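What the coordinates show
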Amino acid sequence: ALDRAQAVADREELAVVSDRDRIARDLHDLVIQRLFATGLQLQGMRGIVVNPEVGERLEKAVDDLDQTIRDIRTTIFELQHRQGGSPRSLVRALVKEYVPVLGFTPTVRILGPVDTAVSSTLSEQLLAVLREALSNIARHAIADQAEVEIAATPEELVLTVTDNGTGLPTERSESGLRNARRRAAAHGGILELEPGVPSGTVFRWRVPVG
């Protein structure tokens, strides 16, 4: 009787996991791709619009779509990784998730005791900021190479994302960057943005550990 009860429980758990995977796959393959394509179309129209008010509304619509995509990606990631995992494995899984959108596979380097020094709360913030950085590359950078480096010491955690794209525009919307700055400030850290050499952008998110 105990064996049968365990078998039933195992089948129910498998059904839940399979359903989560199906929902996550549908959200990624259908919803996100359509939203992303719509955002690109609106962004392209921004350059040919003469009326400033219409242009501002288009820009606001693109920002709203970007935020919606980020929210959906967060949901997908939670569905796929509900059982949890180490920061190291979650970072690699998140980068892998963005490969179809980026069109290339970023290099990932993880240095130091990331799995032991980074708390679960800080790990969640790290993943959210990395998601912002990768979304910015996909949306704005026109890059074909990127590198993600996460370095941990007993005192500090540093996320550095570099790309070889067009660099930081003079005028830009900072909705995603503003979120990353707030997350850094909430943990007593900072966000640094620098031009890359010879091109691109260096995105560095630095927070104390503990």
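Residues numbered from 1 in each chain as written. Predicted model: local features only at pLDDT ≥ 70, side-chain atom pairs only at ≥ 80, totals over all residues. Heavy atoms only, no water.

Concerning the overall build of the protein
Just so we agree on the cut-off: Every helix listed is a DSSP run of H or I at least four residues long, and every strand listed is a run of E at least two residues long, numbered separately from the N terminus. Here a residue-residue contact requires only that any non-hydrogen atoms of the pair lie within 4.5 Å.
In terms of helices and strands, the protein carries 6 helices and 5 strands. The secondary structure elements of the protein, listed N-terminal to C-terminal, are α-α-α-β-α-α-β-β-α-β-β. Long-range pairs, those at least 24 residues apart, make up 66% of the contacts in the protein with a sequence separation of at least 6.

Quick notes on the nonpolar core
Put simply, the rule is: Note on terminology: a nonpolar core comprises buried Ala, Val, Leu, Ile, Met, Phe, Trp, Tyr and Cys residues joined through side-chain atoms within 4.5 Å. Think of it in three bands: residues with accessible area under 20% of the maximum for their type are buried, residues over 50% are exposed, and the middle band is partly exposed, with areas taken using a 1.4 Å probe on protein chains only.
Membership of the largest hydrophobic core comes to 46 residues, with the highest contact counts inside it found for Leu130, Val148, Leu157, Leu159, Phe203 and Trp205. Top contributing element to this core by residue count: helix H5 (residues 120-141), with 10 residues. Ignoring any residue separated from it by four or fewer positions in sequence, one finds Trp205 in contact with Leu122, Gln125, Leu126, Val129, Leu157, Val158, Leu159, Ala180, Arg183, Ala184, Ile190 and Leu191.

Considering the confidence of the model for the protein
Cut-off, in case you're wondering: pLDDT: the predictor's confidence for each residue, scored from 0 to 100.
Per-residue pLDDT for the protein has a mean of 81; in total, 77% of the residues score no lower than 70. Per-element confidence in the protein is highest for strand E3 (residues 156-163), whose mean pLDDT is 97, and lowest for helix H1 (residues 2-46), whose mean pLDDT is 64.

Side note on the side chain of Thr160
For Thr160, the position within the fold is in strand E3. Not counting residues up to four positions away in its chain, the partners in contact with Thr160 are Glu147, Val148, Glu149, Val202, Phe203 and Arg204.

Structural notes on helix H3 (residues 87-102)
Here is the rule we go by: Expected helix span is taken as 1.5 Å per residue step, with the number of steps being one fewer than the number of residues. Directions drawn from the helix axis to the C-beta atoms are what define this arc.
Here H3 contains 16 residues, and its C-alpha end-to-end distance of 22 Å stays within 8% of the 22 Å for a straight helix at 1.5 Å per residue. Listing the buried residues of H3 in full gives Pro87, Leu90, Val91, Leu94, Val95, Glu97, Tyr98 and Leu102. For H3, the angular spread of the buried residues around the axis is 160 degrees, confining them to a single face. In H3, the exposed residues that point more than 90 degrees away from the buried face are Lys96 and Pro100. Taken from the residues just after H3, Gly103 is the one with a positive phi, measuring 90 degrees.

A few points about the pairing of strand E5 (residues 201-208)
Each regular strand shows side chains that alternate between the opposite faces of the sheet. For clarity, the threshold we go by: Any two strands are treated as partners once DSSP identifies two or more bridges connecting them.
By the criterion of burial, E5 is predominantly enclosed, with 6 of the 8 residues buried. When E3 meets E5, the two strands line up antiparallel, connected through 8 bridges. Along E5, the bridge assignment pairs Glu156 with Pro208. Relative to E5, strand E4 (residues 190-195) runs antiparallel, the two sharing 6 bridges. Residue pairing in the sheet places Pro195 in a bridge with Thr201 of E5. The turn linking E4 back onto E5 is made up of 5 residues, and Gly200 within it adopts a positive phi angle of 90 degrees.

What to know about the pattern of salt bridges
Heads up, the rule is: Whenever a carboxyl oxygen of Asp or Glu lies within 4 Å of a side-chain nitrogen of Lys or Arg, that contact is scored as a salt bridge.
A complete count under the given rule lists 10 salt bridges for this structure. Linking Arg109 and Glu147 is a salt bridge whose minimum nitrogen-to-oxygen distance equals 3.4 Å. Of this pair, Arg109 sits in strand E1 (residues 107-111) while Glu147 sits in strand E2 (residues 146-152), placing them 38 residues apart in sequence. Using a relative accessible area of 38% as the deciding quantity, one classes Arg109 as partly exposed.

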